[in-house]
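Structural overview for review
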Amino acid sequence: MHDLGERTLRLPRVWVRTGLEQAPRLVEGGQREPLRTRRLGQGEAAGKTQKQSSSLTPGVERIPAPNVTIEISKHRTPRWLMTEFCNVALPVPLDILFTYRIPQGMEPVVGGRVLVPFRQQRLSGIVTELHDRSPEIPAKSVLSVLDRSPLLDPPLVQLGKWIADYYLAPLGEVFRTMLPLSAEFRRSVVYRITQQGQMALHLAGRAGSPMRSRRSEQEQWDEFRVLDYLAERDQARAESLRAATRASAATLAGMIRKQWIVREDQSQGRDASRLVKLAVLNKVEGKLNANQGLLVDCLARAGGKIRLGDLRSQIPRSTLGTLVKRGMVEIMEEPADFIVSSLKARPSPAMLQFNGGQQAALTAIQKRVEAKEFSAIVLHGVTGSGKTAVYLAAMRSVLDRGKSAILLVPEIGLTPAVAADLQQAFADQVAILHSALTDRERAEQWHRIHRGAARIVVGTRSAVFAPVSRLALVIVDEEQDASYKQEEMPRYHARDVAVMRAKMAGAVAVLGSATPSMEAYFNATKNKYGLLELPDRIEQRPLPEVDIVDMRREFQETGKEQVVSRTLAEEIRLRLGREEQVMVLLNRRGYSPLLLCRACGNHLECRNCAIAMTYHKRGQRMVCHYCGFCAPVPKHCGECGSEYVHFLGTGSEKLEELLHAMFSQARIGRLDRDTVRGREDFERTLNALYAGDLDLLVGTQMIAKGHDIHRVTLVGVVGADSALGLPDFRAAERTFQLLTQVAGRAGRGEKPGKVILQTYFPDHYAVQYAARHDFVGFYEKELAFRSWMHYPPKTALANVLIRSPKLEEVLGWSGRLGQWFEQRPEKGIRVLGPAAAPILRLKQDYRYHFVLKSASREDLNRLLRAMLAYAAQLKIPRTQIIVDVDAIWLM
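Keep in mind that what you see is a predicted model, and the values were worked out from it rather than measured. (Residues numbered from 1 in each chain as written. Predicted model: local features only at pLDDT ≥ 70, side-chain atom pairs only at ≥ 80, totals over all residues. Heavy atoms only, no water.)

1. Overview of the overall build of the protein
Along its length, the protein carries 25 helices and 40 strands. Looking at the 891 residues of the protein, the share that counts as buried comes to 52%. Considering only contacts in the protein between residues 6 or more positions apart, those separated by 24 or more positions represent 74%. Summing over all exposed atoms, the protein offers an accessible surface of approximately 42600 Å²; the carbon and sulfur share of this is 49%. (Helix = DSSP H or I, 4+ residues; strand = E, 2+ residues; numbered from the N terminus. Buried < 20%, exposed > 50% of the residue type's maximum accessible area, 1.4 Å probe, protein only. Contact = heavy atoms within 4.5 Å. Areas by Shrake-Rupley, 256 points an atom, 1.4 Å probe, with all protein chains shown as cover.)

2. Digging into the side chain of Q758
Mapped onto the elements, Q758 comes out in strand 36 (residues 754-759). In terms of polar contacts, Q758 uses its side chain to reach the backbone amide nitrogen of S565, at 2.8 Å. For Q758, the contacting residues outside a window of four places in its chain are V549, M551, V563, V564, S565, L568, V717, V718, G719 and A720. (Polar contact = N/O pair within 3.5 Å; in protein donor to acceptor, adjacent residues only side chain to side chain.)

3. Quick notes on the pattern of salt bridges
Between side chains of opposite charge, pairing is possible as soon as their charged atoms come close. For the structure shown, the criterion picks out 41 salt bridges. Note that R237 and E239 form a salt bridge whose closest N and O atoms lie 3.7 Å from each other. Judged by relative accessible area, R237 falls into the partly exposed class, the value being 41%. For E239, a relative accessible area of 49% translates into the label partly exposed. The structure contains a network of salt bridges with shared partners spanning D547, E571, R575, E580, K751 and K754. (Salt bridge = Lys/Arg side-chain N within 4 Å of Asp/Glu carboxyl O.)

4. A look at the sheet that holds strand 23 (residues 471-477)
Across the sheet, which stays open at both edges, the seven strands sit in the order 21-22-20-23-24-19-25 with parallel pairing between neighbours. In this open sheet, the two edge strands, each paired with only one partner strand, are strand 21 (430-433) and strand 25 (530-534). Across the sheet, the mean angle from the axis of one strand to that of its neighbour is 20 degrees, orientation sign disregarded. The pairing of strand 21 with strand 22 (residues 456-459) spans four bridges and is classified as parallel. Bridge assignment links L433 to a residue of strand 22, and that residue is G459. Packed on one face of the sheet, helix 12 (residues 387-400) meets strand 19 (375-381), strand 20 (404-408), strand 22, strand 23, strand 24 (508-513) and strand 25 and runs near 170 degrees to strand 23. (Pairing = 2+ DSSP bridges. Axes fitted to C-alpha atoms, helices over the stretch in contact; angles between N-to-C directions.)

5. A short note on the environment of M178
Topologically, M178 is positioned in helix 3 (residues 171-178). Taking the relative accessible area as the measure of exposure, M178 reaches 2% and is therefore buried. The sequence separation of M178 and A466 amounts to 288 residues, and the corresponding C-alpha distance is 7.9 Å. Excluding residues within four positions of it along the chain, M178 makes contact with L152, L156, G160, W446 and F465.

6. Re the packing of helix 2 (residues 154-166) against helix 3
Two elements in contact, helix 2 and helix 3, have axes separated by 9 Å at closest approach and are oriented at 130 degrees. Accordingly, the angle class assigned to the pair helix 2 and helix 3 is oblique. Taken as a pair, helix 2 and helix 3 cross one another with a handedness that is right-handed. Contacts between helix 2 and helix 3 pair L156, V157, G160, K161, I163 and A164 from the former with L171, V174, F175 and M178 from the latter. Grouping the amino acids of the contact of helix 2 with helix 3 by side-chain chemistry returns eight nonpolar, one polar and one charged. (Parallel < 35°, antiparallel > 145°, perpendicular 65-115°, else oblique. Left-handed = near helix turned anticlockwise from the far one by under 90°. Nonpolar A, V, L, I, M, F, W, Y, C, P; charged D, E, K, R; others polar.)

7. Here's the deal with the sheet that holds strand 38 (residues 829-842)
Across the sheet, four strands lie side by side as 38-39-37-40; this open sheet has antiparallel pairing. Of all the strands in the sheet, the pair left with one neighbour each is strand 38 and strand 40 (881-885). Between one strand axis and the next, the sheet turns by 20 degrees as a mean value, whatever way the strands run. Here nine bridges tie strand 37 (residues 796-804) to strand 39 (residues 845-854), and the two strands are oriented antiparallel to one another. Bridging across to strand 39, I802 finds its partner in Y848. Helix 24 (residues 807-823) contacts strand 37, strand 38 and strand 39 of the sheet and is inclined by roughly 15 degrees relative to strand 39. In the packing of helix 25 (residues 857-873) onto the sheet, the strands contacted are strand 37, strand 38, strand 39 and strand 40, and the crossing angle to strand 37 comes to about 15 degrees.

8. Observations regarding the packing of aromatic side chains
Under the criterion given, the structure shown has 20 aromatic pairs. Ring plane angle 80 degrees and centroid distance 5.7 Å describe the contact between W221 and F224, whose orientation is recorded as edge-to-face. With W221 and F224 both in helix 5 (residues 217-231) and three residues apart, the pair spans about one turn of that helix. The class for W221 is partly exposed, based on a relative accessible area of 35%. (Phe/Tyr/Trp six-rings, centres within 6.5 Å; stacked < 30°, edge-to-face > 60°.)

9. Quick look at the nonpolar core
Generally speaking, nonpolar side chains in soluble globular proteins are found buried as a group. Grouped together as the largest cluster of nonpolar side chains are 74 residues, with contacts concentrated most on L408, L864 and M867. The dominant element in this core, judged by the number of residues it contributes, is helix 25, at seven residues. Beyond its immediate chain neighbours, meaning those up to four positions away, M867 contacts V800, L817, W820, F821 and V883. Counting residues in hydrophobic clusters, the runner-up holds 41 residues, among them V712, A732, A766 and V767. (Core = buried A, V, L, I, M, F, W, Y, C linked by side-chain atoms within 4.5 Å.)

10. Quick notes on the environment of S642
Relative to the helices and strands, S642 resides in the loop between strand 31 (630-632) and strand 32 (645-648). For the pair formed by S642 and C597, sequence separation is 45 residues and the distance between their alpha carbons is 7.3 Å. Non-local contacts of S642, meaning those with residues more than four positions away in its chain, are made with C597, A599, K635, H636 and C637. A distance of 3.0 Å separates the side chain of S642 from the backbone nitrogen of Y644, its partner in a polar contact.

In structure tokens:
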């Protein structure tokens, strides 16, 4: 070694391979550090190489050598130093990671996506580790690297692992939920005919009929059509093949087993940018015919460019093509605009004078944010107390400090109004995430957040995973809402995930509501969470007066079943005469929820579910609200053939019709899932209500919370107690919350409000406390019942659901698991079941379940993991066992 003296050599980033026979080598470094590496300490580089494991150790420090100091910088990694394998989390229902070989030239990153083969298909997964540990079986190779830099940073990866552990969900399924980037992955499956298939087709043609076998003639013809279709082309996409031949998936699978056809997955990543094509006007020369002149005039009036979609509705396509060929018009692409909300924003919080309660709440939140330590706060404020203004002011203070904030709302319907407020306050710093956006819109918004172009995020439950940097504040509005709990894998609760994310980031979590959940308020009373109160409405406006109408007495006095009581009808008439607005809630969509035969008592049930089908008059069809199955309206009973079939009950569609008949001059709108197919429908109706173009709005729970319409002075609640009859320990809590929330829509302006509650259970404590706006009284009463029966929030709860299309399988599996629970009783854990689920059959699956209660979440989690391991030994498919931790729906 040359004596260089006391000098410092500035070299590129150094990688030192240890565990080799030769001395350490200094080489150019790379952009990323592989996992399972260790920095060398003083003297290790020269003296301990042969005792180290064979790993790559990157350095970003000075490594001493004889008379030489090396300063390391970052550059690309040479191929021979790249790791050989990577572990990938795939979106499949398996609680394992998969190891793949990294081909030469590919450089996956931890937290980034790769495209890999999995069985007979291609899947996109997240890299969780790079390593050199050779698996016991030959590893398949990565097909392509989709990301050059991580999409999930270490804090989000840590959050995903916590969700997988706590909710017992496969990590790949969790990561898929966290990344709304399906638009960047194009699924494509093609089929080809083989030589054996060509021969089978030839023999069938010679015989003049389909292939001879013992199978049905229909199956033979299906196969013949598939072979004939594929023989005419090199390959066919699965969608085209099935549409052209009407072949079932079972038919295609059988032909693959016979080696007549082959299936190939050609899925790959793609660019999901949203682009719009424009016609741009250039210099106009020469003569123009009438259509060409009209086209040029349209472009000139539009400022020289116009969207092709708007233009083609006015001008023939051939005219446009001619002008393009002549060079007078050019077709260009540019990024499509994104409209956060078309609703008019409410007055900015900066323009409002905060009352004492609001200012105290804002100051408390700001102090916790400034402390840069985790804190969870329950913000309990009555309806109309100005919680949204506090949210916006707190988010403004966070943004002014160069940090980020996330605001969660429970329903897509609340997003437009909140997004309009945020856009007014924070302009282009706002991004929006929810399922009503298209796949490309979601991907676009996600990438805006990821690159730091938007630091304020508003959305539904999945927005809790927004990749914001420097997170300081997470707000969960209407935190009690059941829609924050996802009812499919992974079954996480966004409120609890928000608290955990804030904890991991050292941020503040604010859980706001006029009717806090039992769990959140219990934690606040036990000082696990902080508690802030807003006991008064803004500007000292009174809470609405609530009148309870006993529908039993209404029936006795009128002699007939009434949908709209006399009291409610009179109050509506009075408000319409004053040109005030009215909202009427009926939390049941459709026209009639039951079709009954008066001769035999039979009712029409969904063929896939043990649920009565609902009549929808506008579409003249029967619909299952659980699986979506539709059927024509029967004219005769399917059981006895009687023509005396009768519709029973009332839904929101029928209520709208009744109100039109009662108030023919009123302008009436309806908000439910039947009238709202996209965010444009919802915004259109709300805009009409805000503008005063509607006098009366009928709707389901979509209208019950979050809306601030000052001209609404009357709220009517029809069927207020329907949920009380459900076999669910949360039924009273849900009823109280719904009644309190919808009552809060009245009297939010200068005029006082009034609420009419129609009920058959006027003495029920949920109805009585809601009428008095007494949350604390309801909480104490409900907590006593929950304590006696060992239900949350006193204990942790999990629902284990066993399902299968075959009833005998469900009975067998649930019986074996029931025996296993009996044979290993756990102290402090109660196991109820197995028992038939309240809805025995749903989406073609029979369902049995266990309900587990425990004072210890750790013990409950351990028992559930052991149960899943035993179920795997019994070869019960993982997809047939649903483990719902902290379940809020036991139906």
